[in-house]
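Residue-level structural notes
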Amino acid sequence: MATHQHHADHYAVEMLSISKRFGRFVANKDVTLRVRRGEIHALLGENGAGKSTLMNMLYGLLKPDSGSIRVNGSEVRFDSPQAAKAAGIGMVHQHYMLVPTLTPLQNIILGDRAKFVLSERHLEQVRGQLKDLIVKYGLTVRLDVPIWQLSVGEQQRVEILRALYHQSTILILDEPTAMLTPKEVEQLLPRLKALAAEGTSIIIISHHLHDVLTIADNVTVLRAGENAGTLQAADTDARSLARMMVGHVADFQRPADNRIARATSGEAPQMRLVAEGLSAEGDHGQNALEDVSFELGAGEIVAIAGVSGNGQTELEEVLFGLRESTTGRLMLSGADIIRTDPGQRAKAGMAYIPSDRYRYGLVRDMAVSSNLVVDRFREKPFAHRWRLSLDTIQSHARDLIGRFAIKVKSPQQPAGTLSGGNAQRVVLARTLSRDITTLVAAQPARGLDVGAVSFVWEKLSAARDNGVAILLISTELDEVFALADRCYVIYRGKLIGHWHRNEFDREAVGLAMGGMPHANQSSNTAALGAVHVH
Amino acid sequence: MNIDFLIPLLSMAFVLSIPVGLAAVGECICQRTGLLNLGVEGMMLMGALTAFLGAFYFDSSWIGVLTGVAGGVSLGILMGVLCISIKAEQVVSGIVVVLLSLGLTSYLYGSLFHVGTTPPRIEGLALLHIPLLSNIPVIGPILFQQTSLVYASLALIVLLSWMLERTSLGLALQAVGEKPEAGDAAGLSVDGLRWFGILISSAMAGLGGAVLIIAQLHLFADHITAGRGWIAIALVIFGRWKPLWVFAGALLFGVVDAIQLKIQVVAGGIDSAIPFELFQALPYVITMAVLVLSAMRARRNAQPSALGIPFIKGQKH
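In this text the structure is predicted, and so the values were computed from the model without any measurement.

In this section: the overall build of chain B. When helices and strands are counted, chain B shows 12 helices and two strands. Reading the secondary structure of chain B in the N-to-C direction produces α-α-α-α-β-α-β-α-α-α-α-α-α-α. Its C-alpha atoms give chain B a radius of gyration of 20 Å, within 12% of the compact-globule value 20 Å for 317 residues. For chain B, the spread of C-alpha atoms along the principal axes amounts to about 60 × 45 × 40 Å. Counting the 317 residues in chain B, one finds 48% classified as buried. The contacts in chain B between residues at least 6 apart in sequence include a share of 77% that link residues at least 24 apart.

Written out as structure tokens, the structure reads:
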């Protein structure tokens, strides 16, 4: 920061004493946020702390109940994002607002009414302007390839490029590093620094402490809708920021590693799930999975790490029978199950925690009690012939609600009204209360707050200790390193790395996630192979 | 087979493909905005009746064309109110529109004309020979010796295809059909663009009905469109939501329709041993078979992602 003068005209954004309620829920209470021109300001907080609400008010998507907003010194009242854009504010949403079938160029000119006919000359002119911005800020983007073919990192650069093309001087980035590889994060941060140096003010919503500390000038922490403090990044560290965010620091202690113990004791692990050369197509007919092979033994957690969008969705769907594979075999406890449907796989002892828990995990409009038996309501004791035993379903629900500490008003509450953490507890309760041998868990802790994350991790570890074979598909390295006995990395539909727990190395796995497997990989794989061949 | 037999056949095929082609291209534009208009059959039928009434009472084919379009649009407005304004279920709304039109057209025609053995007829349009082009052997008689209505229809189809691919409006229409929330964020009016889609679709269906009556049949009868509206919807899928491919599908329908008419004549007309309904079913059977085959071969899913889903601002999808 060049100057510490507190003159109003140095501020690009001032949000003063902002409050916002939704019904009885207080999303923001008396929050003040000031961002100077050319400053990178991080907005830190847990899920539900009110970060997005605050930024949605700055971007014109919501209106504050009280308080005032000033942009470049003058008071503003935005009633739409268009008004905010006209004032020079651009927002890059966490879930990109790009049309997948259109190209970056088409997405960027979308909504521009200045030209009706998109002549080649006009397009060439826009392309030229975009290329200038690409060169100036190092935002490499292929302008004429449909969005769905681009990596998540490139899509994000399209969003930033769009904001710059629309001459935004204030940029809001919602969780900009969440979906990126460590390498892509490394590339993004200096680009943002360069933008700020040119005078752009940048507000980053994040819960990645490390990235925030690397890049931000100042950090504002929100906790339960209130401003828990604004600090200079140079004066603080990750631990104290974490404490400000949650009030306490949660630590997950991984239980003792019995898989490694058994492997070294010479006991052969019992193979539960073996994939041999699985390939599958994505929704657009692209090769989403190529020649995926792995082995998963009883009582171990094997993780598939990777940046999202590298075939994880297709993999979980193929494994549980929701998507057809084009080639390959899948053995469950020795029997080939690749041609079976999800119901048959469940009967054979397989269970599934889907990454999209509201789409595949729960029936939103049905009661929690019904959701807890959707996989078994036709079996005894929940049904006798064609008649449901509602009393048994209720008592079963009450039992699981207690054991998994699900917060509900009553078992009749619709599952769609639960918070993310409680919704996932319902999925876990149903999945783990069944007699299973093999579990495919995709993003089991995604979007949950710290307390719910450790609950999920404890339950998965306990299941593993009871002999369940768990395939953990996760984009969070912290989760992989906390839980897994072994880990693979998936990159562009292929498994490209393989580590045993005692070889876990953040840098090597991170590089592989970015498509660069480490040089000494083969020895790891060979060593592991030796463990399996008995 | 000699060429003299083929020329009138293909010329006829071309004419027969226009009504279903117009409806299909309109439907294609509408579906690209994310709105599934299942009411095409009803709109086409209403357009056929109002075109007939316009042409009959005002004694002018061109007024018939205008009233035909207006008849289609009147049901398009109903569909729009149901699906866009009050976010009703699109499939149910479309079927309601078809049923309403089936009953209403039959009732109106019956009460206005009290038809005896010979139904009232209207004048057709004169053929317009395009200078020079119409003299090209083979192609000339097929493509350039048609009524002006056929040329206008063809121009409209090409114009709409160009609009969808080459203008900012077309880009906006595509965007709200694929990812309406992204369109909304870019400042587009999702509802407005879907209104545009349903109005185009209903106008084109009404025009299709008008062409059927004015350029081909010159009379009206109950359910005279005979499922061409449903075929139009199938052609959109066959054409993978690309207007010109959709029209290519309509041409195929026209060729089979012309062939079956020819076979009926050759087989002896009403006196034929084979029931003529069997021949009449041929274009529908072939179109469906081609649709199934093309769907089986398709790799990439071309359907607009938001098709059939009402857009409610600020709600997660």
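Along chain A, the regular secondary structure elements total 19 helices and 22 strands. Counting across all 534 residues of chain A, residues that qualify as buried make up 43%. Counting contacts in chain A only where the partners sit at least 6 residues apart, residues at least 24 apart contribute 68% of the total.

All names here are of chain A. Counting buried residues in helix α1 (residues 51-58) gives seven out of eight residues, a clear majority hidden from the surface. Taken together, the buried positions of α1 are occupied by K51, S52, T53, L54, M55, M57 and L58. After α1 finishes, the residue G60 shows a positive phi value of roughly 85°.

All names here are of chain B. Per the UniProt record, "transmembrane region" (unreviewed entry) is found at residues 6-26, 38-57, 63-84, 91-112, 151-173, 193-217, 229-253 and 273-293. Between the first and last C-alpha atoms of residues 63-84 the distance is 30 Å; the span itself is 100% helix and 0% strand. Regarding residues 193-217, the helix share stands at 100% and the strand share at 0%, and the terminal C-alpha atoms are separated by 35 Å.

Looking now at the domain arrangement of chain A. All names here are of chain A. Domain annotation of chain A identifies domain 1 (8-246) and domain 2 (258-349 + 435-532). Spacing between the C-alpha centres of domain 1 and domain 2 amounts to 34 Å. The partner domain 2 presents 11 residues to the 13 residues of domain 1 that form the contact. Sorting elements by how many residues they give to the side of domain 1 that touches domain 2 places helix α6 (residues 182-197) first, with three residues.

This brings us to the sheet that holds strand β16 (residues 350-353) of chain A. Residues and elements named next belong to chain A. The strand order across the open sheet built from six strands is β16-β19-β20-β13-β21-β22, with neighbouring strands paired in mixed fashion. The open sheet has two free edges, formed respectively by β16 and β22 (494-500), since each of these has just one partner strand. The mean angle between the axes of side-by-side strands here comes to 15°, regardless of whether they run parallel or antiparallel. Where strand β13 (residues 301-305) meets strand β20 (residues 469-474), five bridges bridge the pair, whose relative direction is parallel. Residue I304 lies in a different strand from β20, and its bridge partner there is I473. Sitting on the sheet, helix α10 (residues 312-320) touches β13, β16, β19 (438-442), β20 and β21 (486-491), and the angle it makes with β19 is about 155°. Seen against the sheet, helix α18 (residues 506-513) touches β13, β21 and β22 and runs at an angle of roughly 30° to β21.

The subject of this paragraph is the packing of helix α4 (residues 120-137) of chain A against helix α5 (residues 152-165) of chain A. Relative placement of two packed helices is described by the angle separating their axes and the distance separating the axes. Residue and element names in this part refer to chain A. Relative to each other, α4 and α5 sit at 115°, their axes nearing to 10 Å. In terms of orientation, α4 lies roughly perpendicular with respect to α5. Relative to α5, the crossing made by α4 is right-handed. For the pair α4 and α5, the contacting residues are Q129, L130, L133 and I134 in the first and L161, L164 and Y165 in the second. Of the residues that constitute the contact of α4 with α5, the class distribution is six nonpolar, one polar and no charged.

With 19 residues of chain B at the interface, the matching set in chain A holds 21 residues. Those elements giving two or more residues to the side of chain B that touches chain A turn out to be α7 (168-178) and α8 (180-185) of chain B. At seven residues, α7 of chain B tops the list of elements feeding residues into the side of chain B that touches chain A. Its residues placed into classes, the side of chain B that touches chain A shows eight nonpolar, five polar and six charged.

So, on to the pairing of β22 of chain A. Two elements, β21 of chain A and β22 of chain A, share six bridges in a ladder whose sense is antiparallel. In the sheet register, Y488 of chain A faces β22 of chain A, and the bridge partner there is H498 of chain A.

Here the focus is the packing of helix α2 (residues 40-58) of chain B against helix α10 (residues 228-238) of chain B. Residue and element names in this part refer to chain B. Packing of α2 against α10 leaves a shortest axis separation of 7 Å and a crossing angle of 135°. Put simply, α2 runs oblique to α10. In this structure, α2 meets α10 at a crossing whose hand is right-handed. On α10, the residues touching V40, E41 and M44 of α2 are R228, G229, W230, A232 and I233.

Another aspect to go through is the sheet that holds strand β10 (residues 226-232) of chain A. Residue and element names in this part refer to chain A. As summarised here, the arrangement of the six strands in space is β6-β7-β8-β3-β9-β10, forming an open sheet in which the pairing is mixed. A strand with exactly one partner marks an edge of an open sheet, and here the two such strands are β6 (89-92) and β10. Between one strand and the next, the sheet's axes are offset by a mean angle of 15°, whatever the strand orientation. In this structure, strand β3 (residues 40-44) lies alongside strand β8 (residues 201-206), joined through five bridges in parallel fashion. Counted as the bridge partner of I40 is I202 from β8. With respect to the sheet, α5 is in contact with β6 and β7 (170-174), its orientation differing from that of β6 by roughly 175°.

On average, chain B scores 89 in pLDDT, and the residues at 70 or more come to 95%. Interface confidence in the predicted complex, given as ipTM, is 0.86; pTM for the same model is 0.75.

Our focus in this paragraph is the environment of Q280 of chain B. Residues and elements named next belong to chain B. Structurally, the position occupied by Q280 is in helix α12 (residues 276-297). Here Q280 falls in the partly exposed class, since 14 other C-beta atoms lie within 10 Å of it. For Q280 and D257, which are 23 residues apart along the polypeptide, the C-alpha to C-alpha distance reads 7.6 Å.

Bringing the confidence of the model for chain A into the picture now. Residues and elements named next belong to chain A. The pLDDT averaged across chain A works out to 85; a share of 90% of its residues lies at or above 70. For residues 1-6, every residue scores under 50 in pLDDT, and the model assigns this stretch two contacts once sequence neighbours within four places are set aside. Throughout residues 519-534 the model reports pLDDT below 50, and contacts reaching past four residues in sequence, or to other chains, amount to 13 contacts.

With that settled, consider unusual backbone geometry. Residues and elements named next belong to chain A. A cis amide bond links K380 to the next residue, P381, at an omega of 0°. With respect to the helices and strands, P381 occurs in the loop between α13 (368-371) and β17 (383-384). Even without being a glycine, Q443 presents a positive backbone phi close to 45°. Locating Q443 in the fold gives a position in the loop between β19 and α16 (450-465). Judged by the 23 C-beta atoms lying within 10 Å of it, Q443 is buried.

Below, the discussion takes up helix α3 (residues 61-85) of chain B. For α3 of chain B, which comprises 25 residues, the first-to-last C-alpha distance of 35 Å matches the rise-based estimate of 36 Å (1.5 Å per residue) to within 8%. Positive phi appears at K87 of chain B, one or two residues downstream of α3 of chain B, with a value of about 55°.

Here is what the cut-offs are and how they apply
- Residues numbered from 1 in each chain as written.
- Chains lettered and ligands numbered in written order.
- Predicted model: local features only at pLDDT ≥ 70, side-chain atom pairs only at ≥ 80, totals over all residues.
- Helix = DSSP H or I, 4+ residues; strand = E, 2+ residues; numbered from the N terminus.
- Rg over C-alpha atoms; globule rule 2.2 N^0.38 Å.
- Buried ≥ 20, exposed ≤ 12 C-beta atoms within 10 Å, placed from the backbone.
- Contact = placed C-beta atoms within 7 Å.
- UniProt positions renumbered as here; feature names shortened; annotations may be inferred.
- Domains from an automatic or database assignment.
- Pairing = 2+ DSSP bridges.
- Axes fitted to C-alpha atoms, helices over the stretch in contact; angles between N-to-C directions.
- Parallel < 35°, antiparallel > 145°, perpendicular 65-115°, else oblique.
- Left-handed = near helix turned anticlockwise from the far one by under 90°.
- Nonpolar A, V, L, I, M, F, W, Y, C, P; charged D, E, K, R; others polar.
- pLDDT = per-residue confidence, 0-100.
- Expected span 1.5 Å × (residues − 1).

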